[in-house]
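A structural walkthrough
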Amino acid sequence: QVRLVESGGGLVQAGGSLRLSCAASGRTFTTYHMGWFRQAPGKEREFAAAINWSGTIRYADSVKGRFTISRDNAKNTVYLQMDSLNPEDTAVYYCAATYRTTGYVSTSPRSYDYWGQGTQVTVSS
């Protein structure tokens, strides 16, 4: 069982930055792939970024070059640095985790077993 707690959301002007954090419980954090997803009002949950236990990373095209995912295994924490934010990035951001023995990094929400409660990110124009 993994418990995930996100923090770092808030209100920011277009062009600004935010860093989201996701603290994970449990002693096997290093065996989990970690992902960030987001959901805007009236839209489906969509993939933003993910990282596996060896540091392989995938990004959605919409955030590539602006967002950076990283993990600190010593702190059981995954981060999402978001730069050059625009109003289209406004959403609830969710941290997700899945136990995997292979290195393939999935972008599908269905592949992730554990979810945080979400943190709101609002970007004003």
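Placed above this text is the structure.
Position numbers for residues count from 1 along each chain, tracking the sequence in the order it is written. For this predicted model, a pLDDT threshold of at least 70 governs which residues receive local features, and a threshold of 80 or more governs which side-chain atom pairs are given and counted, while totals over whole chains, interfaces and linings are taken from all residues. Water and hydrogen atoms play no part in the side-chain values, which are based on all heavy atoms of the structure.

Next up on the list: the overall build of the chain. For the chain, the helix and strand inventory stands at 0 helices and 11 strands. In this text, helices come from DSSP runs of H or I with a minimum length of four residues, and strands from runs of E with a minimum of two, each type numbered from the N-terminal end. Listing the helices and strands of the chain from first to last along the sequence gives β-β-β-β-β-β-β-β-β-β-β. All radius of gyration figures rest on C-alpha atoms, and the globule criterion is 2.2 Å times the number of residues raised to 0.38. The C-alpha radius of gyration computed for the chain amounts to 13 Å, which stays within 12% of the reference 14 Å derived for 125 residues, consistent with globular compactness. Across its three principal axes, the chain shows a C-alpha extent of roughly 40 × 25 × 25 Å. For every residue, the accessible area obtained with a 1.4 Å probe (protein chains only) is divided by the maximum for its type, and the residue is called buried under 20%, exposed over 50%, and partly exposed between those limits. When burial is assessed residue by residue, the chain has 45% of its 125 residues classed as buried. Contact between two residues is taken to exist if any of their heavy atoms lie within 4.5 Å; hydrogens are not considered. Here the analysis covers contacts within the chain between residues at least 6 apart in sequence; of these, 61% occur between residues at least 24 apart. When the accessible surface of the chain is totalled, it reaches about 6400 Å², and 47% of it is carbon and sulfur. Charge-centre separation for the chain: the mean point of 13 positive side chains lies 6 Å from the mean point of 9 negative side chains. The Shrake-Rupley method, run with a 1.4 Å probe sphere, supplies the accessible areas, and residue values consider only the shown protein chains as cover. Charge assignment: positive for Lys and Arg, negative for Asp and Glu; neither His nor the chain ends contribute. By convention, the point assigned to a charge is CZ for Arg, NZ for Lys, CD for Glu and CG for Asp.

Here we take up the pairing of strand β1 (residues 4-7). Residues Leu4 and Glu6 point to one face of β1 and are all buried, whereas Val5 and Ser7, pointing to the other face, are not buried. Only strands joined by at least two bridges in the DSSP assignment are considered to pair. As judged from the 4 bridges shared by β1 and strand β3 (residues 18-24), these two strands associate in the antiparallel manner. Residue pairing for β3: Glu6 is matched across the bridge by Cys22.

To continue, consider the environment of Val63. Of note, Val63 is situated in the loop between β6 (57-59) and β7 (67-72). You can call Val63 buried: its relative accessible area is 0%. C-alpha of Val63 to C-alpha of Asp83: the two residues are 20 residues apart in sequence and 9.3 Å apart in space. If we skip the residues at most four places from it in the chain, Val63 touches Arg38 and Ala48.

Our next topic: the side chain of Asp89. Its location among the elements puts Asp89 in the loop between β8 (77-82) and β9 (91-99). The buried category is assigned to Asp89, whose relative accessible area is 1%. The definition of a polar contact used here is a pair of N or O atoms within 3.5 Å, where within protein one atom must be able to donate a hydrogen and the other to accept one, and adjacent residues in sequence count solely through side-chain atom pairs. Of the polar contacts made by the side chain of Asp89, one reaches the side chain of Arg66; its length is 2.8 Å. With near-sequence residues (within four places) excluded, Asp89 lies in contact with Arg38, Arg66, Phe67, Ser84, Val121 and Val123.

Function cannot be inferred from these measures alone, as they are strictly geometric.
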